[in-house]
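The primary structure of each chain is shown beneath.
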Amino acid sequence: MLSITPDPIKASLFRPMPWWAVIFRLAIATFFAWVWILLSAAPVNAQEMKNYAHAQIEEQDFSHQNLEGYTFMAVEARGTNFQGANLKSSMLTKGNLLQANLEGASLEDALVDRVTLYKANLANANLTGATLSNSILDEAEITGADFTDAIVDRYTATQLCKRAAGRNPVTGVETRESLGCRD
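Just so you know, these numbers come straight off a predicted model, no measurement behind them. (Residues numbered from 1 in each chain as written. Predicted model: local features only at pLDDT ≥ 70, side-chain atom pairs only at ≥ 80, totals over all residues. Heavy atoms only, no water.)

(A) Representation of the packing of aromatic side chains. The tally for this structure, following the rule as stated, stands at seven aromatic pairs. Ring geometry for Tyr 52 against Phe 62: centres 5.7 Å apart, planes inclined by 85°, an arrangement best described as edge-to-face. On the criterion of sequence distance, the pair formed by Tyr 52 in the loop between helix 2 (19–40) and strand 1 (71–73) and Phe 62 in the loop between helix 2 and strand 1 is long-range, its members being 10 residues apart. Summarising the burial analysis for this pair, Tyr 52 and Phe 62 share the class buried. Arranged with centres 5.1 Å apart and planes meeting at 0°, the rings of Tyr 52 and Phe 72 form a pair that is stacked. Taken together, the residues Tyr 52 in the loop between helix 2 and strand 1 and Phe 72 in strand 1 connect sequence positions 20 residues apart. Considered together, Tyr 52 and Phe 72 belong to a single accessibility category, that of buried residues. The rings of Tyr 52, Phe 62, Tyr 70, Phe 72 and Phe 82 are connected pair by pair, giving a single aromatic cluster. (Phe/Tyr/Trp six-rings, centres within 6.5 Å; stacked < 30°, edge-to-face > 60°. Helix = DSSP H or I, 4+ residues; strand = E, 2+ residues; numbered from the N terminus. Buried < 20%, exposed > 50% of the residue type's maximum accessible area, 1.4 Å probe, protein only.)

(B) Examining empty space enclosed by the protein more closely. Inspection of every chain in the model, using the stated rule, returns one cavity of 30 Å³ or more. Here the largest cavity is characterised by a volume of approximately 40 Å³. Lining the largest cavity are Leu 92, Leu 97, Leu 102, Leu 107, Val 112, Leu 117, Leu 122 and Leu 127. Of the residues that constitute the lining of the largest cavity, the class distribution is eight nonpolar, no polar and no charged. (1 Å grid on protein atoms, 1.4 Å probe; cavity = no way out; pocket = protein on both sides within 12 Å on 5 of 7 lines; lining within 4 Å. Points joined across faces, edges and corners; volume = space filled by probe spheres on them. Nonpolar A, V, L, I, M, F, W, Y, C, P; charged D, E, K, R; others polar.)

(C) Main features of the nonpolar core. Of all hydrophobic cores here, the largest spans 41 residues; its most connected members are Phe 72, Phe 82, Leu 97, Leu 102, Ile 142 and Phe 147. Tallying contributions element by element places helix 3 (residues 154–161) first for this core, with three residues. The contact partners of Phe 82, leaving out residues within four places of it in the chain, are Ile 57, Phe 62, Ser 63, Leu 67, Phe 72, Leu 87, Leu 97, Asn 101, Leu 102 and Ala 105. (Core = buried A, V, L, I, M, F, W, Y, C linked by side-chain atoms within 4.5 Å. Contact = heavy atoms within 4.5 Å.)

(D) Region of the structure containing the side chain of Ser 63. Secondary-structure assignment places Ser 63 in the loop between helix 2 and strand 1. Side chain to side chain, Ser 63 and Asp 61 meet in a polar contact 2.7 Å long. (Polar contact = N/O pair within 3.5 Å; in protein donor to acceptor, adjacent residues only side chain to side chain.)

(E) Local environment of unusual backbone geometry. Its identity is not glycine, yet Glu 59 carries a phi of approximately 60°, on the positive side. Within the fold, Glu 59 resides in the loop between helix 2 and strand 1. With phi around 60°, His 64 is a residue other than glycine that occupies positive phi space. Summarising the element assignment, His 64 is placed in the loop between helix 2 and strand 1. Note on His 64: relative accessible area 61%, which makes it exposed.

(F) Quick peek at the state of the cysteines. What the rule picks out here adds up to one disulfide. Between the sulfur atoms of Cys 161 and its disulfide partner Cys 181 the distance amounts to 1.9 Å. Here the S-S torsion is close to -90°, and the disulfide linking Cys 161 with Cys 181 is therefore left-handed. Here the residue Cys 161 occupies a position in helix 3, and Cys 181 occupies one in the segment after helix 4 (175–179), the gap between them amounting to 20 residues. Accessibility classification places Cys 161 together with Cys 181 in one group, the buried group. (Disulfide = S-S within 2.5 Å.)

The following block contains the structure:
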């Protein structure tokens, strides 16, 4: 007959720990996790953000900045300067850009959905392939803007054609032609 003698090393590995030892180990692990998170966190500069959801950015200067792929959702951006900014493939939705300066800005393939651009300056802006759905462009300056392949609802396009003029200095396309205006 075989006799099995317990191995003292294996037996000590499977011995249950007291409750206070389990809590102590969890507390130590949690402490080091928080230290790791706090040491790896970097401060965020407002100009480095890619998401401006519900932000108040009135009268700020974003001129000539690379804002490609940024999100401006429900922003309050009255009078904000985006002159010459790269807003390619950006999402501007439900925002207020009343009297904003977008002169010469690149809005290629941007989603401009339900945005108030009343009296905004879009002169020489490149809106090629942009989606301008349900946006208000009343009294917006569009001289030299390029709307080639942009999705613009029929009513807005008709209103824009009444004041469309000029040629985009970058693409060379006439504003009236890009909107599909009929003489």
